[in-house]
Amino acid sequence: MGPGVSIECHEAQKGLHIFEDHFIAEIINPETGEVLPHGETGELVFTSITKEAFPIIRYRTRDITSLNPEPCICGRTHVRMKKVSGRTDDMLIIRGVNVFPSQIESVLMKSRDIQPHYQLVVDRIDNLDTLTVMVEVGQEFFSDEIKTLQNMEHKLSNDIKEYLGVSAKIKLVEPKTIQRSEGKAIRVIDKRKMS
Ligand SMILES: [Zn+2]
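Here the residue index of a chain counts from 1 through its sequence in written order. Restriction of local features to residues with pLDDT of at least 70 applies here, the model being predicted, together with a cutoff of 80 or more for giving and counting side-chain atom pairs; totals for whole chains, interfaces and linings are based on all residues. The side-chain numbers reported here are obtained from all heavy atoms of the structure, hydrogens and water having been left aside.

A. Spotlight on the coordination of the zinc ion. A 2.8 Å cut-off from the metal defines N, O and S donors, relaxed to 3.2 Å for Na, K and Ca; water is not in the atom list, so some sites may appear incomplete. For the zinc ion, the protein coordination sphere consists of Cys 9 (SG), His 17 (NE2), Cys 72 (SG) and Cys 74 (SG), at 2.1 to 2.3 Å. Here a site with four donors is tetrahedral if all angles are between 85 and 135 degrees, and a site with four or six donors is square planar or octahedral if opposite donors are over 155 degrees apart and the other angles are between 65 and 115; anything else gets the irregular label. Taken together, the four donor atoms coordinating the zinc ion and their angles of 102 to 119° define a geometry best described as tetrahedral. Taken in sequence order, the residues that donate to the zinc ion follow the motif C-x7-H-x54-C-x1-C. Of the two residues, Cys 9 is situated in the loop between strand 1 (6-8) and strand 2 (16-18) and Cys 74 in the loop between strand 6 (67-68) and strand 7 (80-81); the sequence distance between them amounts to 65 residues. Secondary structure counts use DSSP, requiring at least four H or I residues in a row for a helix and at least two E residues in a row for a strand, with both numbered from the N terminus.

In structure tokens, the structure reads:
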């Protein structure tokens, strides 16, 4: 990409202005290739309009972001892209819905009681995709009534359904129980790929 395709203005710092005099940016559904309207999240695609020897035409970056065409308070009118929130390689398709681990993470991290260790377990049972989210919570949760745990699981499940449109079963677990690799929790176990 050479000297870059976008830069954040220091006045607003609300997204990166794309150099639209050199590139056309589009957001597509990474599965179908369909172009998505502004504001929707998908894969960023670039086309160069000034490069002569090596033009790029609808180059798929594999980066997940969205575009905002509204003029910025800094005065620039070039479309802005959000900071990249993930890679298409991380995308899971669960019952036809595109799900990124980073989206689940952002829902989970709204809760103060949750530790930043979680794992998504995807499976296919009776031809239906299932998503289980294992989340570590503080030890104190396990000395409380079971109802506290159940309420929390219920709330997180609702939040995920509302935000992502996919049903998930939440399983709160004790600290340090999720399998780790080099100190980090293994984020995704997709059992559909194992059979
Ligand atoms: Zn700006």
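The rest of the description comes next.
B. Highlighting the domain arrangement of the protein. Domain extents, as shown, originate in an automatic or database domain assignment. Domain boundaries assigned for the protein yield domain 1 (6-88) and domain 2 (91-193). Domain 1 and domain 2 are separated by 30 Å when their C-alpha centres are compared. Facing seven residues of domain 1, the contacting portion of domain 2 comprises five residues. Where domain 1 abuts domain 2, roughly 480 Å² becomes buried across the two surfaces, and 59% of that area is made up of carbon and sulfur atoms. For this analysis, a salt bridge means a side-chain nitrogen from Lys or Arg found within 4 Å of a carboxyl oxygen belonging to Asp or Glu. Summed over the shared surface of domain 1 and domain 2, the result is zero salt bridges. Three classes are used, and their members are as follows: Ala, Val, Leu, Ile, Met, Phe, Trp, Tyr, Cys and Pro are nonpolar, Asp, Glu, Lys and Arg are charged, and the others, Gly among them, are polar. In terms of residue class, the side of domain 1 that touches domain 2 is made up of two nonpolar, three polar and two charged. Throughout, a contact is declared for two residues whenever any of their heavy atoms are within 4.5 Å. Buried area is a sum: the accessible area each of two parts loses on coming together, probed at 1.4 Å, counted once for each and added.

C. Expanded view of helix 2 (residues 146-164). In this model helix 2 runs 27 Å from its N-terminal to its C-terminal C-alpha over 19 residues, within 8% of the 27 Å that 1.5 Å per residue would give. Leu 149, Met 152, Leu 156, Ser 157, Ile 160 and Leu 164 are the residues of helix 2 that are buried. In a view along the axis of helix 2, the buried residues occupy a sector of 135°, so they form one face of it. In helix 2, those exposed residues whose orientation departs by more than 90 degrees from the buried face are His 154, Lys 155 and Glu 162. Those residues of helix 2 that are buried lie in contact with strand 10 (97-99), helix 1 (101-108), strand 11 (114-125), strand 12 (128-137) and strand 13 (169-173). Following helix 2 by one or two positions, Gly 165 has its phi on the positive side, about 75°. Here the expected length of a helix is defined as 1.5 Å per residue gap, with one fewer gap than residues. Each residue is assigned to one of three classes by its accessible area relative to the maximum for its type, calculated with a 1.4 Å probe on protein chains only: buried under 20%, partly exposed between the two thresholds, exposed over 50%. Working note: the arc is built from the helix axis to C-beta atom directions.

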